[in-house]
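Coordinate analysis (summary)
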Amino acid sequence: MYRQREHHAEDDTIVAELAQGLELGFVRFLDFHKIEDQNRELTIQNALERVRSQALGMQSSDELRDVTSVLFEQFRGLGHEVHSSFIYVQDGGAWSQDRTGRQRHSPDSRPAGLEHPEPLRLREQNRAQEMGQPWFVFQRQGVDLRRLIGYYLECDSVPAHEIEGELRQLPDSLIFHRVFHATGVVEFALENHLCDADLAVAKRFTDVFDIAYRRFRELEQKEQRNRELEIDHRLERVRADVASMTKSGDLVAVVEVVAESLQGLGVPCTVVGIETVDEAAGLWHTHHVGEGVTAYPLSAGPAVEVYDHWKSGETWHRQWPASKLKRNAKELRAAGRRVIIAGEVLG
């Protein structure tokens, strides 16, 4: 202590008593600080457990979207004012979410002709990940920020008028915290900088997502195997019906089975048919569900293009409006199209 008046022995006694009181207060401070740290850690663990439970409870790969939503929600629940966030995985695309909770998913490819606005920074980020660094942080503001966010929105195929609206709502500056996981990056964009302790927590969330993504890949592979088995089952049924044919007219029944199989596999189709070519007779036969068999000359206008592709072995596909389909039907009738009774296929 410093003082101007003469020192007295009783002053030392008073100071010693005050010091003991302060020591007790500081011990209480440390106790409270320890309890607060423990409570904070429990809060973090509970948040992580919610994300982990959501990940382990996935029954289909589509539910990865729900996992990302819970992850972002729980991280915000720790008191972080996250402006936007996204998760990127190699060969899987990106799941993004803004501050309103709106989600988008974009494939692991950008639209043709769209170049990344920051290739140098991207290389630095990739180098940091390759070197084993846990995260990469950078800040963008003003024009640079709008250019970067605009690029992300274009990758998400957001319409131009919506992009303009979102860019107008951007803050002056954002700090991007990119936390690495085994197959990609989890990003948290905020107006303030996360300290190393908070980034370490973000890394724990990222590691939990890695569990979710492994689960996602397992389910995706399982779904693919099930899909292949279902396709094989449908194909076997078609083969069995073909093998049981006793006359040419039975082909129409096979077409019905093909149509049912495609619909059962979720393949969108309005009309299903099998078409055969009789070059000797110069006729094109169609076997459509509900229409029996029809025949028209190979020289008919709408048939010429299809016939040329058939001869070259090329796949032919077109998207026509209803008006075009009606015009084609009219031309075929004029060219001699006729309906044949099922079971009496010409040629």
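Residues numbered from 1 in each chain as written. Predicted model: local features only at pLDDT ≥ 70, side-chain atom pairs only at ≥ 80, totals over all residues. Heavy atoms only, no water.

Some thoughts on the overall build of the protein chain
The helix and strand inventory of the protein chain stands at 9 helices and 10 strands. Looking at the 347 residues of the protein chain, the share that counts as buried comes to 36%. By sequence separation, contacts in the protein chain at least 24 residues apart represent 56% of the contacts at least 6 residues apart. Working note: accessible area of the protein chain is about 21300 Å², and carbon and sulfur atoms make up 52% of it. (Helix = DSSP H or I, 4+ residues; strand = E, 2+ residues; numbered from the N terminus. Buried < 20%, exposed > 50% of the residue type's maximum accessible area, 1.4 Å probe, protein only. Contact = heavy atoms within 4.5 Å. Areas by Shrake-Rupley, 256 points an atom, 1.4 Å probe, with all protein chains shown as cover.)

Focus on unusual backbone geometry
Here S157, not a glycine, exhibits a phi torsion of approximately 60°, which is positive. Secondary-structure assignment places S157 in the loop between helix 4 (142-155) and helix 5 (160-168). Since its relative accessible area comes to 58%, S157 is described here as exposed.

Description of the pattern of salt bridges
This structure, assessed with the given rule, holds 11 salt bridges. Of the charged contacts, one joins R204 and E41 as a salt bridge, the two residues approaching to 2.8 Å between their closest N and O atoms. Linking R204 in helix 6 (residues 196-243) with E41 in helix 1 (residues 9-56), this pair joins segments that are 163 residues apart in sequence. Looking at E41, the relative accessible area reads 27%, which means it is partly exposed. Between E49 and R52 there is a salt bridge, with the nearest N and O atoms lying 2.7 Å from each other. One end of the pair, E49, and the other, R52, are both in helix 1, 3 residues apart, so they sit about a helical turn from each other. Through salt bridges that share partners, E118, R121 and R140 make up one connected network. (Salt bridge = Lys/Arg side-chain N within 4 Å of Asp/Glu carboxyl O.)

So, the nonpolar core
Core analysis: the largest hydrophobic core is formed by 32 residues, its most contacted members being L64, L71, F75, F188, F205 and F209. Of all the secondary structure elements, the ones that give two or more residues to this core are helix 1, helix 2 (64-76), strand 1 (82-89), strand 6 (184-190) and helix 6. The element that contributes the greatest number of residues to this core is helix 6, accounting for 10 residues. Contact partners of L64, with chain neighbours within four places excluded, come to M58, W95, F209, A212, Y213 and F216. Listed in part, the 20 residues of the second largest apolar core include L148, L170, F176 and A189. (Core = buried A, V, L, I, M, F, W, Y, C linked by side-chain atoms within 4.5 Å.)

Observations concerning the side chain of H80
On the secondary structure map, H80 appears in the loop between helix 2 and strand 1. Setting aside its immediate chain neighbours within four residues, H80 contacts R40, F75, L190, L194 and D198.

Considerations on the pairing of strand 6
In terms of burial, strand 6 is a largely internal element, 7 of the 7 residues being buried. Side chains of strand 6 alternate between two faces, with G184, V186, F188 and L190 and V185, E187 and A189 buried alike. Of the pairings in the sheet, the one linking strand 1 to strand 6 comprises 7 bridges and is antiparallel in character. Along strand 6, the bridge assignment pairs S84 with A189. (Pairing = 2+ DSSP bridges.)

Digging into the confidence of the model for the protein chain
Residues of the protein chain with pLDDT of at least 70 account for 85%, and the chain-wide mean is 81. Strand 4 (residues 135-141) holds the highest mean pLDDT among the elements of the protein chain, 96, whereas strand 10 (residues 338-340) holds the lowest, 55. In the model, residues 341-347 has pLDDT below 50 throughout and makes 14 contacts with residues more than four positions away in sequence or in other chains. (pLDDT = per-residue confidence, 0-100.)

Structural notes on the packing of helix 4 against helix 5
Running from N to C, helix 4 and helix 5 cross one another at 145°; their axes reach a closest spacing of 10 Å. For the pair helix 4 and helix 5, the sense of crossing is right-handed. Taken together, the residues of helix 5 that come into contact with helix 4 (itself represented by R146, I149, G150, L153 and E154) are I163, E166 and L167. Across the contact of helix 4 with helix 5, the residue classes break down as 4 nonpolar, 1 polar and 3 charged. (Axes fitted to C-alpha atoms, helices over the stretch in contact; angles between N-to-C directions. Left-handed = near helix turned anticlockwise from the far one by under 90°. Nonpolar A, V, L, I, M, F, W, Y, C, P; charged D, E, K, R; others polar.)

Here we look at the environment of Y152
Note on placement: Y152 falls in helix 4. For the pair Y152 and S96, spaced 56 residues apart in sequence, the C-alpha to C-alpha distance is 9.6 Å. Sequence-distant contacts of Y152, defined by excluding residues within four places in its chain, comprise R121, R178 and E187. Only 2.3 Å separates the side chain of Y152 from the side chain of R178, close enough to count as a polar contact. (Polar contact = N/O pair within 3.5 Å; in protein donor to acceptor, adjacent residues only side chain to side chain.)

With respect to helix 7 (residues 251-264)
Its 14 residues give helix 7 an end-to-end C-alpha distance of 20 Å, which sits within 8% of 20 Å, the value for a rise of 1.5 Å per residue. All buried positions along helix 7 are accounted for by L251, V252, V254, V255, V257, A259 and S261. Where helix 7 ends, the next residue or the one after it, G266, has phi of about 80°, a positive value. (Expected span 1.5 Å × (residues − 1).)

Observations regarding the pairing of strand 7 (residues 273-278)
Bridge analysis of strand 7 against strand 8 (residues 283-288) gives 6 bridges, and the strand direction is antiparallel. If you follow V277 over to strand 8, its bridge partner there is W284. Connecting strand 7 to the antiparallel partner strand 8 that follows it, the hairpin turn spans 4 residues, and G282 within it adopts a positive phi of roughly 70°.

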